[in-house]
Protein chains: 2
Amino acid sequence: MYPKRFGKMTMAVTIRDVAKHLNLSITTVSRALDGYEDVAPETRERVRAAARELGYVPSSAARNLRRQRANIIGYVIPASGTRFTDPFFSEFISGLGDQAVSQDFDLLISTATPDTPAEQQVYSRWISSRLVDGVILSRMRLEDWRANHLLDKKFPFAVHGRTGGQADYPFIEIDSRSGLTQLVKHLASLGHRRIAYIGAPAKFTLQRDRFAGYCDGLIAENIPFDASLVAEGDLTRAGGFRAAQALFDAPHPPTAIIGANDLTADGVIRAAHKRGIVVGRELAVAGYDGTEESEHTQPPLTTLRQPVYETARNLVIMLISLIKGDPLLQSQIILQPELVIRESTGR
Amino acid sequence: MYPKRFGKMTMAVTIRDVAKHLNLSITTVSRALDGYEDVAPETRERVRAAARELGYVPSSAARNLRRQRANIIGYVIPASGTRFTDPFFSEFISGLGDQAVSQDFDLLISTATPDTPAEQQVYSRWISSRLVDGVILSRMRLEDWRANHLLDKKFPFAVHGRTGGQADYPFIEIDSRSGLTQLVKHLASLGHRRIAYIGAPAKFTLQRDRFAGYCDGLIAENIPFDASLVAEGDLTRAGGFRAAQALFDAPHPPTAIIGANDLTADGVIRAAHKRGIVVGRELAVAGYDGTEESEHTQPPLTTLRQPVYETARNLVIMLISLIKGDPLLQSQIILQPELVIRESTGR
DNA sequence: ATTGACTACCAAAACGTTTTGGATTATTAT
DNA sequence: ATAATAATCCAAAACGTTTTGGTAGTCAAT
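Analysis parameters
- Residues numbered from 1 in each chain as written.
- Chains lettered and ligands numbered in written order.
- Predicted model: local features only at pLDDT ≥ 70, side-chain atom pairs only at ≥ 80, totals over all residues.
- Heavy atoms only, no water.
- Helix = DSSP H or I, 4+ residues; strand = E, 2+ residues; numbered from the N terminus.
- Expected span 1.5 Å × (residues − 1).
- Buried < 20%, exposed > 50% of the residue type's maximum accessible area, 1.4 Å probe, protein only.
- Least-squares fit on C-alpha atoms with pLDDT ≥ 70 in both.
- Contact = heavy atoms within 4.5 Å.
- Near = heavy atom within 4 Å.
- Nonpolar A, V, L, I, M, F, W, Y, C, P; charged D, E, K, R; others polar.
- Pairing = 2+ DSSP bridges.
- Axes fitted to C-alpha atoms, helices over the stretch in contact; angles between N-to-C directions.
- pLDDT = per-residue confidence, 0-100.
- Polar contact = N/O pair within 3.5 Å; in protein donor to acceptor, adjacent residues only side chain to side chain.
- Domains from an automatic or database assignment.
- Buried area = accessible area lost by both parts, 1.4 Å probe.
- Salt bridge = Lys/Arg side-chain N within 4 Å of Asp/Glu carboxyl O.
- Phe/Tyr/Trp six-rings, centres within 6.5 Å; stacked < 30°, edge-to-face > 60°.
- Core = buried A, V, L, I, M, F, W, Y, C linked by side-chain atoms within 4.5 Å.

**Q** What is the right way to look at helix H12 (residues 308-324) of chain A in this model?
**A** Spacing of three or four residues puts side chains on the same side of an α-helix, whose turn is 3.6 residues. Residue and element names in this part refer to chain A. Helix length check: H12, at 17 residues, gives a terminal C-alpha distance of 24 Å against a target of 24 Å (1.5 Å per residue), a fit within 8%. With twelve of its 17 residues buried, H12 lies for the most part within the structure. Looking at H12, one finds that the buried residues are Val308, Tyr309, Thr311, Ala312, Leu315, Val316, Met318, Leu319, Ile320, Ser321, Leu322 and Ile323.

What follows is the structure, given as structure tokens:
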């Protein structure tokens, strides 16, 4: 039935083969390839040539065992069901992978729904089997068992955002609070007074910050807070869609809606479209994230752009320093998001 | 500066610790935990309890070295620059990861632009260091060095789609050729005679198949082939956008446009929108893939849906059988895509 | 001639498992 | 009572590296 091309794999060539081939000790071969100074230049060249010729590459398992390090970092994508829909993660993962590779690390990926046993299992398996040397955390919760657990185990990690309390770990945070304030001010400057906010579940740090920023903006503009203009989404398009419908049905619907992320905002746009509400003209919509997709909504979405790719790269740099025990230049970075004004908030 | 919470990690607990704690040999501990029959039920329980109590988890490096297997599969995302924009990959990766975990494997991810030295490097590093036990391939080229190379090394792999010639490896293919024919027929049944096709670069197998299906459809409907209605995209939104603009500018513009994937089709929709062309009324647009995003274009996109998530899972099942040397039930699977008719092709 | 410093190499230990091939004791069949 | 069988357990080897703590040789300075 199935062709027998996948027979036994040809036994891999080991360092011993190289050594034998050159009449050298495996020590010398190892040190030659690792670039130690105590091997003659001529020998080093012979070793390099032989290694290439024989196709020798060190066994990662053996190396990991001896070095007590895997040169792998892990990242668990917060998924909801059979997919992770947020383009945020595509970009984030690209950044993690690219930087990791450039520092001779690899990236291990898993998906898990936040705060489930499955999530705990992934992390604890990775950590206690020492399969990964460190992990990247994102979409933090106010009380996040992950941060506590990792601190407790003294296991290296770096986070995007942060938890509720004091942050005794390296992180890169985008100051979404002041970003949202800026956004509210911008909407107010366009004449909006009934500005709604569709947030995320309260347990997420980003919700605390963005909601606070929203409130700050209202205060700054002397707009009274109206609880009926605040809805809870779930950071998905569907969540935004549902929440928007409810807002439209309210006695005093908003003239502007801010989504906690671009996906939510896109859901709002779709809900508006379904009702025949013209976004950008009858209703202003804005999001948060500024991934590429936000350019391609109809109309293009006003949003707060955060540098996802670069942040991911920097997190990996921080994490690998941590793993290697190198000193961190900066361990707690706070960046400002950039307000990108597009047609969805009108002219 | 940086708090000293990441000091030395507490030395991990090894199998030796467990053995000493119970006055047993490490052999027995190992075999008890692995569920061998030659250990007394009572002893097995004691071992299990002690392992849990002490928090023992086998070192993956040591286990991999001894077993000569990593229990890791690899997947290289074909990225173009700083991100992979296609939601296809989000879903694909979720499928890979979920199935892998359920079989006690992990998923290693990297990104690389197709046919670059970087791509070669990733694969050869993974393979020759035996960091992964097998790889999943996707978006195949007609002449694909990857398949040849892996066959040559007798390294396990499974592919989504296939290469140009004979396929001496396990794969799951979606019959996109007949899918496209079906789509063309549907458009013809709506009265369209000028049906354009925006393809992918010729080197991709999917382009050969989908283009052939397009031609089949024209023939079946007695529509003469018109080279001016065929454009080359690059499977991105931007590519679809550009190609559509060119088609609009042609002397005899099409009344329907098929994109080689949903992303391309979405680019077409955007280009149409920019020109004030009403999609679904003045122009029919259709895509291929049927990822969730296709429901959320404006208007929703007619497309050929392939079961991305399930395919990914099945590929992993096949790959792991291969790795373990188990017989494959099915090794070459061909599925039919499902035509999903939505508003973008009008009523 | 002796010492010291330097260069180029290497044997052996260690990393933490799994697996092989028994060894020991208890049980059953003769 | 003895032999055969079954039930448990274990010592030691092996997986392929890196690292430690050297050794032997050369050269220069005393």
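**Q** Can you help me understand the relation of the copies chain A and chain B in this one?
**A** Superposition of the two copies of the chain requires a rotation about an axis together with a shift along that axis. When chain A is fitted to chain B, the best match, at an RMSD of 0.1 Å, comes from turning it 180° and sliding it 0.0 Å along the axis. The transformation just described matches what one would write down for a two-fold rotation axis. Considering only C-alpha atoms, the part of chain A nearest the rotation axis is Leu108 of chain A, at 2.3 Å. Most of the interface of chain A is mirrored in chain B: 100% of its interface residues are interface residues there too.

**Q** Honestly, the protein's contact with DNA strand D in this entry has me stumped. Any pointers?
**A** In the vicinity of DNA strand D lie 27 residues, with Ile15, Ser30 and Arg66 of chain A together with Ser25 and Thr27 of chain B positioned nearest. Restricting the count to atoms of DNA strand D within 4 Å of the protein gives a sugar and phosphate share of 55%. At the level of secondary structure, the elements contributing two or more residues to the surface near DNA strand D comprise helix H1 (15-22), helix H2 (26-34) and helix H4 (60-67) of chain A together with helix H2 (26-34) and helix H4 (60-67) of chain B. By residue class, the composition of the surface near DNA strand D is ten nonpolar, ten polar and seven charged.

**Q** When you look at the sheet that holds strand E10 (residues 302-305) of chain B in this model, what are you seeing that I'm missing?
**A** Think of a sheet as strands paired side by side through backbone hydrogen bonds, with each pair either parallel or antiparallel. Residues and elements named next belong to chain B. Judged by pairing direction, the sheet is mixed, and its six strands sit side by side in the order E7-E6-E8-E9-E10-E12 without closing on themselves. If you trace the sheet from one side to the other, it starts and ends with strand E7 (230-232) and strand E12 (338-340), each paired once. This sheet shows a mean twist of 20° between the axes of neighbouring strands, independent of strand direction. The strands that helix H11 (residues 262-275) touches are strand E6 (195-199), strand E8 (256-259), strand E9 (284-289) and E10; relative to E9, the one it contacts most, it runs at about 160°.

**Q** What is the right way to look at the confidence of the model for chain A in this model?
**A** Averaged over every residue, the pLDDT of chain A is 94; the share at 70 or more is 97%. Note on residues 1-8 of chain A: pLDDT is under 50 here. Beyond four places in sequence and across chains, it has 20 contacts.

**Q** Before we go on, may I ask you to explain the protein's contact with DNA strand C in this structure?
**A** Near DNA strand C you find 26 residues, and of these Thr27 and Thr43 of chain A together with Ile15, Ser30 and Arg66 of chain B are the closest. Put simply, 57% of the atoms of DNA strand C that lie within 4 Å of the protein are in sugar or phosphate. Separating a phosphate oxygen of DNA strand C from a side-chain N or O atom of Thr28 of chain A is a distance of 2.9 Å. One of the side-chain nitrogen or oxygen atoms of Gln68 of chain A is found 3.2 Å away from a phosphate oxygen of DNA strand C. Among the elements of the structure, H2 and H4 of chain A together with helix H1 (15-22), H2 and H4 of chain B are those that each provide at least two residues to the surface near DNA strand C.

**Q** Whenever I open this one, the domain arrangement of chain A confuses me. Can you help?
**A** Interface extent is often summarised as the accessible area lost during association of the parts. Residue and element names in this part refer to chain A. With domains assigned, chain A is organised as domain 1 (15-58), domain 2 (72-171 + 324-333) and domain 3 (176-307 + 339-345). Once you take the C-alpha centre of each, domain 2 and domain 3 turn out to be 28 Å apart. Between domain 2 and domain 3, the contact holds 14 residues from the first and 14 residues from the second. Here domain 2 and domain 3 share an interface that buries about 1,200 Å² over both sides, 55% of which is from carbon and sulfur atoms. When the area that domain 2 buries against domain 3 is broken down by residue, the three leading residues are Pro87, Arg139 and Leu142, summing to 39%. Among the ionic pairs, Asp115 bridges to Lys203, the shortest N-O distance being 3.2 Å. Seen at the junction of domain 2 and domain 3, the total is seven residue pairs in polar contact (both at pLDDT 80 or more). Counting residues per element, the side of domain 2 that touches domain 3 draws most heavily on helix H5 (residues 87-102), at three residues. The class makeup of the residues in the side of domain 2 that touches domain 3 is four nonpolar, four polar and six charged.

**Q** Would you mind going over unusual backbone geometry with me for this structure?
**A** Negative phi values dominate among residues other than glycine, just as trans dominates among peptide bonds. Here the residue pair Gln298 of chain A and Pro299 of chain A is connected by a cis peptide bond, since its omega of -5° sits within 30 degrees of zero. Note on placement: Pro299 of chain A falls in the loop between strand E9 (284-289) and strand E10 (302-305). Even without a glycine there, the phi angle at Asp115 of chain A is positive, about 55°. Relative to the helices and strands, Asp115 of chain A resides in the loop between strand E2 (106-112) and helix H6 (117-128). Unlike most non-glycine residues, Arg139 of chain B shows phi in positive territory, near 45°. By the secondary structure assignment, Arg139 of chain B is in the loop between strand E3 (134-137) and helix H7 (145-153).

**Q** Please clarify how the packing of aromatic side chains should be interpreted in this entry.
**A** The geometry of two aromatic rings is summed up by the distance between their centres and the angle between their planes. The final tally for this structure, using the stated rule, is 22 aromatic pairs over all chains. When the ring of Phe88 of chain A is compared with that of Phe89 of chain A, the centres are 5.2 Å apart and the planes differ by 90°; the resulting orientation is edge-to-face. Across the pair, Phe89 of chain A and Phe88 of chain A agree in class, each one buried. Plain terms: the ring middles of Phe88 of chain B and Phe92 of chain B are 5.5 Å apart, the flat faces sit at 15° to each other, and that makes the pair stacked.

**Q** Explanation requested: the nonpolar core in the structure shown.
**A** Generally speaking, soluble globular proteins have nonpolar side chains that are buried together. If you look at the biggest cluster of nonpolar residues, it comprises 56 residues, and the most contacted ones within it are Tyr75 of chain A together with Tyr75 of chain B. Secondary structure elements with two or more residues in this core: strand E1 (72-78), H5, E2 and H12 of chain A together with strand E1 (72-78), helix H5 (87-102), strand E2 (106-112) and helix H12 (308-324) of chain B. Core analysis: the second largest hydrophobic core is formed by 46 residues, Ala70, Tyr123 and Trp126 of chain A together with Trp126 of chain B among them.

**Q** What am I meant to see in the pattern of salt bridges here?
**A** When their charged atoms lie close together, side chains carrying opposite charge are able to pair. Summed over all chains, the structure comprises 39 salt bridges over all chains. Notably, a salt bridge pairs Arg275 of chain B with Asp249 of chain B, separated by 2.9 Å at the nearest N-O pair. On the criterion of sequence distance, the pair formed by Arg275 of chain B in helix H11 and Asp249 of chain B in helix H10 (residues 237-249) is long-range, its members being 26 residues apart. Here Arg275 of chain B falls in the partly exposed class, since its relative accessible area comes to 39%. One network of salt bridges, in which partners are shared, links Asp115, Glu119, Arg141, Asp144, Arg146 and Lys203 of chain A.

**Q** Sorry, what's going on with the interface of chain A and chain B here?
**A** Every contact between the two is made by 63 residues of chain A and, on the other side, 63 residues of chain B. When chain A packs against chain B, the two sides together hide about 6,300 Å² of surface, and 56% of this comes from carbon and sulfur. Across the contact surface, chain A and chain B share four salt bridges. Two residues, Arg237 of chain A and Glu293 of chain B, come together in a salt bridge whose shortest N-O distance is 3.1 Å. Seen at the junction of chain A and chain B, the total is 17 residue pairs in polar contact (both at pLDDT 80 or more). Among the elements of the structure, H4, H5, E2, H6, helix H7 (145-153), helix H11 (262-275) and H12 of chain A are those that each provide at least two residues to the side of chain A that touches chain B. Tallied by class, the residues present in the side of chain A that touches chain B amount to 29 nonpolar, 18 polar and 16 charged.

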